[in-house]
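Residue-level structure breakdown
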Amino acid sequence: MPSNVEIKARVNDPIRFAEKATELSQSEGTIIRQHDTFFNCNKGRLKLRDFMNATGQLIFYQRPDTDGPKLSTYSISPTSDPPSLRTVLSDALGVKGEVKKDRQLFLIGQTRVHLDEVEGLGHYMELE
């Protein structure tokens, strides 16, 4: 399985964060709308990421529940019908939770820098 290292943190000043990321990436970034549905799963985590444009990804991943940098292993399968897949997985496994966010993606070297505005929770950053 592919893997990456993830670092996540709350962002108190999203405007300043975006300005710095824009400067470092020499780009305004890409806006990506996401609706993630997490399903009950005996091992690891299983989520359906709906990009809200008739495309999505089913993602299985494993990572520790610890603070700080985390190694994450994952498998991804694209889908062209997220709503139908959500219905089937909900019926089969049950829904554990949902997260809706607007993500601004910056690429700095080989690092993906995300600035997320998470519905009901605020702003977060993620480095991959």
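This structure is a prediction, so every number in the text was calculated from the model and none was measured.

Turning our eyes to something else, we now look at the sheet that holds strand β8 (residues 122-127). Pairing is antiparallel around the closed barrel formed by 8 strands, whose spatial order is β1-β5-β4-β3-β2-β6-β7-β8. Each adjacent strand pair in this sheet contributes to an overall mean axis angle of 35°, direction not counted. In this sheet, strand β5 (residues 70-79) lies alongside strand β1 (residues 3-10) in antiparallel orientation, the contact comprising 4 bridges. Its bridge partner being in β5, Asn4 is matched across the sheet by Ser72.

Okay, unusual backbone geometry next. Even without glycine at this site, Met52 takes up a positive phi of about 65°. Along the chain, Met52 turns up in the loop between β3 (45-50) and β4 (56-62).

A separate point is the layout of surface pockets. If you add up the space inside the largest pocket, you get close to 930 Å³. What lines the largest pocket is a set of 38 residues, among which Lys8, Lys47, Arg49, Lys101 and Glu126 lie closest to the centre. Among the secondary structure elements, those contributing two or more residues to the lining of the largest pocket are β1, β2 (30-39), β3, β4, β5, β6 (95-108), β7 (111-118) and β8. For the lining of the largest pocket, the residue count by class is 16 nonpolar, 6 polar and 16 charged.

What follows concerns helix α1 (residues 14-25). Between the first and last C-alpha of α1 there are 16 Å, a value that for 12 residues agrees with the 16 Å anticipated at 1.5 Å per step. If you check which residues of α1 are buried, you get Ala18, Ala21 and Ser25. All buried residues of α1 project into a common sector of 65° when viewed along the axis, lining one side. Exposed side chains of α1 directed beyond 90 degrees from the buried face belong to Ile15, Arg16, Glu19, Glu23 and Leu24. Where α1 is buried, its residues meet β6 and β7. Looking one or two residues past α1, Gln26 carries a phi angle of roughly 55°, positive in sign.

Glancing now at the pattern of salt bridges. Opposite charge on two side chains makes pairing possible when the charged atoms of those side chains draw close. Going through the model one piece at a time under the given rule, you end up with 13 salt bridges. Its salt-bridge partner being Asp36, residue Lys47 comes within 4.0 Å of it at the nearest N-O pair. Of this pair, Lys47 sits in strand β3 while Asp36 sits in strand β2, and the two are 11 residues apart along the sequence. Judged on exposure class, the residue Lys47 and its partner Asp36 are both buried. Between Arg103 and Asp116 there is a salt bridge, with the nearest N and O atoms lying 2.7 Å from each other. One end of the pair, Arg103, is in strand β6; the other, Asp116, is in strand β7, with 13 residues separating them in the sequence. Judged by its relative accessible area of 4%, Asp116 is buried. Salt bridges linked by common partners bring Lys8, Asp36, Lys47, Arg49, Lys101, Arg103, Asp116 and Glu126 together as one network.

Definitions and cut-offs
Residues numbered from 1 in each chain as written. Predicted model: local features only at pLDDT ≥ 70, side-chain atom pairs only at ≥ 80, totals over all residues. Heavy atoms only, no water. Pairing = 2+ DSSP bridges. Helix = DSSP H or I, 4+ residues; strand = E, 2+ residues; numbered from the N terminus. Axes fitted to C-alpha atoms, helices over the stretch in contact; angles between N-to-C directions. 1 Å grid on protein atoms, 1.4 Å probe; cavity = no way out; pocket = protein on both sides within 12 Å on 5 of 7 lines; lining within 4 Å. Points joined across faces, edges and corners; volume = space filled by probe spheres on them. Nonpolar A, V, L, I, M, F, W, Y, C, P; charged D, E, K, R; others polar. Expected span 1.5 Å × (residues − 1). Buried < 20%, exposed > 50% of the residue type's maximum accessible area, 1.4 Å probe, protein only. Arc of directions from axis to C-beta. Contact = heavy atoms within 4.5 Å. Salt bridge = Lys/Arg side-chain N within 4 Å of Asp/Glu carboxyl O.

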